[in-house]
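Below are the chains, spelled out letter by letter.
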Amino acid sequence: MPYAIVLKCSNATATPVLDLWREASGFESIPSMARLDYPPHLTFAIYEDILPTVLFATAQKVFGNMPAISIEFADIGHFLNEMLVLWARPADDRVLRQMHRAIHDDIDPALCYEHYCPDHWQPHCTIAMSIPAASAEQALEWAARKRSGFTVTFDAVDCISFPPVEIIKQVELLP
């Protein structure tokens, strides 16, 4: 079972992301993000073979006294996998990269899934993750029109297992 450290938004500033989830779900056969039953988030790291206590200790160390963080999103990017993945791109990802680096300074990056390692990680907030090839062109055209920015305030860091998403421990960020 995979485990992850994620930055999540559980407040009203999540509305623009939730709106994008609803719109983008029209390109999927099953709405992937609604199916998660988990709030908008950014994933810092995913591990297969790690003790959950190690994750929580790192999350507490890195985020324990940190205030909530507001991230402005500029546009929508994509990953081409078996299915098209759409995601909101942070306008400035320097702070997120510092947090990511702090996690990997504490937990050996060799334990992490490749796409979440320091040299490969792309900070993003997923909007849809199961768009089939038949809908990809239309979805990319839609994404290109969604250039207006919005800001989301992330207020907690969760250590989770999935699927399904289960919160093991949570670090609340300071108001």
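Predicted model only: the values in this text are computed from it and were never measured.

Even after reading the chapter, I still don't get the overall build of the protein, so can you show me in this structure?
When its secondary structure is counted, the protein shows five helices and eight strands. Along the protein, helices (α) and strands (β) appear in the sequence β-α-α-β-α-β-β-α-β-α-β-β-β when read from the amino end. Against the compact-globule benchmark of 16 Å for 175 residues, the protein has a radius of gyration of 16 Å, which places it among compact chains. Sequence separation of at least 24 residues holds for 78% of the intrachain contacts in the protein that already meet a minimum separation of 6. Working note: accessible area of the protein is about 8900 Å², and carbon and sulfur atoms make up 53% of it. Side-chain charges of the protein comprise 12 positive and 22 negative groups, with the mean position of each set lying 5 Å from the other.

Teacher, can you tell me more about the sheet that holds strand β2 (residues 41–47) here?
Within a sheet, adjacent strands bond to each other through the backbone by hydrogen bonds, running parallel or antiparallel. Within the open sheet, the four strands sit side by side as β2-β1-β7-β8. Their pairing is antiparallel. Unpaired on one side and paired on the other, β2 and β8 (166–172) mark the two borders of the sheet. In this sheet, adjacent strand axes meet at a mean angle of 20° when their direction is disregarded. Here strand β7 (residues 156–161) pairs with β8 via six bridges, running antiparallel. Its bridge partner lying in β8, C159 is registered against K169. On the sheet, helix α4 (residues 94–106) packs against β1 (3–8) and β2 and is oriented at approximately 20° with respect to β2.

Please explain the environment of Q170 as it appears in this structure.
Considering the arrangement of structural elements, one finds Q170 in strand β8. Residue Q170 is classed as partly exposed on the basis of its relative accessible area of 35%. Along the chain, Q170 and L7 lie 163 residues apart, while their C-alpha atoms are 9.9 Å from each other. Once residues within four sequence positions are removed from consideration, Q170 is found in contact with K8, F56, A156, V157 and D158. A distance of 3.0 Å separates polar atoms of two side chains, one belonging to Q170 and the other to D158.

Teacher, can you tell me more about the side chain of S161 here?
Tracing the backbone shows S161 in strand β7. If we skip the residues at most four places from it in the chain, S161 touches M1, P2, Y3, E166 and I168.

It is not clear to me how the sheet that holds strand β4 (residues 84–90) should be interpreted in this structure. Could you clarify?
Ordered by their spatial adjacency, four strands build an open sheet running β5-β4-β3-β6, and the pairing between neighbours is antiparallel. Whereas interior strands pair on both sides, the edge strands pair on one side only; in this sheet they are β5 (125–131) and β6 (150–154). Here the strands of the sheet are splayed against their neighbours by 35° on average, with no regard to which way each runs. Here four bridges tie β4 to β5, and the two strands are oriented antiparallel to one another. Bridge pairing in β5 places L86 opposite A128. Lying over the sheet, helix α1 (residues 15–24) contacts β3 (69–80), β5 and β6, oriented at roughly 10° with respect to β5. Strands in contact with helix α5 (residues 133–145) are β3, β4 and β5; relative to β4, the strand with the most contacts, it is inclined by about 20°.

Conventions we followed
Residues numbered from 1 in each chain as written. Predicted model: local features only at pLDDT ≥ 70, side-chain atom pairs only at ≥ 80, totals over all residues. Heavy atoms only, no water. Helix = DSSP H or I, 4+ residues; strand = E, 2+ residues; numbered from the N terminus. Rg over C-alpha atoms; globule rule 2.2 N^0.38 Å. Contact = heavy atoms within 4.5 Å. Areas by Shrake-Rupley, 256 points an atom, 1.4 Å probe, with all protein chains shown as cover. Lys, Arg positive; Asp, Glu negative; His and termini not counted. Charge placed at Lys NZ, Arg CZ, Asp CG, Glu CD. Pairing = 2+ DSSP bridges. Axes fitted to C-alpha atoms, helices over the stretch in contact; angles between N-to-C directions. Buried < 20%, exposed > 50% of the residue type's maximum accessible area, 1.4 Å probe, protein only. Polar contact = N/O pair within 3.5 Å; in protein donor to acceptor, adjacent residues only side chain to side chain.

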